[in-house]
Amino acid sequence: LADNTVEFTVFLNNKDAEVMTRAHIHKGAAGVNGPIHWDFHEPPDPVVVGDHIMLRGVARRRAIANVNDLRDNPAQYYVNVHSVRFAGGFVRGQLP
């Protein structure tokens, strides 16, 4: 977005009724852990419909160089979603 923020929508299947705690975008190639670049979910709880979760919003502002790198190299980033039971992350999704 024009103000150096990132708009996001994430859909998850949640058949085990995980209680989500946080979600962020990390910088790291497939199979490589990396540092957090954007926090985009903290309580309150996301929208839950049956076994499905939707996270939607605008991540915190970052330097334009970070935004440009995400736009130009999305495969170098992944989304990590944490839950009460899996504090280190219960789902990881590499960006295309």
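The shown structure was predicted, so the numbers you read here are calculated from the model rather than taken from an experiment. (Residues numbered from 1 in each chain as written. Predicted model: local features only at pLDDT ≥ 70, side-chain atom pairs only at ≥ 80, totals over all residues. Heavy atoms only, no water.)

**A closer look at the environment of V32**
Inspection of the secondary structure assignment puts V32 in the loop between β2 (20-27) and β3 (36-41). With 44 residues separating them in the primary sequence, V32 and Q76 have C-alpha atoms 9.4 Å apart. For V32, the contacting residues outside a window of four places in its chain are Y78 and R92. (Helix = DSSP H or I, 4+ residues; strand = E, 2+ residues; numbered from the N terminus. Contact = heavy atoms within 4.5 Å.)

**Overview of helix α1 (residues 64-72)**
Of the residues making up α1, those classed as buried are N66, V67 and L70. All buried residues of α1 lie within an arc of 100 degrees about the axis, which places them on one face of the element. Among the exposed residues of α1, those oriented more than 90 degrees off its buried face are A65 and R71. (Buried < 20%, exposed > 50% of the residue type's maximum accessible area, 1.4 Å probe, protein only. Arc of directions from axis to C-beta.)

**Examining the packing of aromatic side chains**
Under the criterion given, the structure shown has one aromatic pair. Ring centres of W38 and Y77 lie 6.3 Å apart, and the angle between their planes is 50 degrees; this geometry places the pair in the tilted category. One end of the pair, W38, is in strand β3; the other, Y77, is in strand β6 (residues 77-83), with 39 residues separating them in the sequence. Looking at W38, the relative accessible area reads 1%, which means it is buried. Under the relative-accessibility criterion, Y77 is labelled buried at 0%. For R62, the ring lying beneath its charged end belongs to W38, and the centroid distance is 5.6 Å. (Phe/Tyr/Trp six-rings, centres within 6.5 Å; stacked < 30°, edge-to-face > 60°. Lys NZ or Arg CZ within 6 Å of the ring centre and 35° of its normal.)

**What about the pattern of salt bridges?**
A complete count under the given rule lists three salt bridges for this structure. D39 is the salt-bridge partner of R22, the closest N and O atoms lying 2.9 Å from each other. Here R22 is found in strand β2, whereas its partner D39 is found in strand β3, with 17 residues between them in sequence. Between D72 and R71 there is a salt bridge, and its shortest N-O distance comes to 3.1 Å. For D72, a relative accessible area of 49% corresponds to the partly exposed category. (Salt bridge = Lys/Arg side-chain N within 4 Å of Asp/Glu carboxyl O.)

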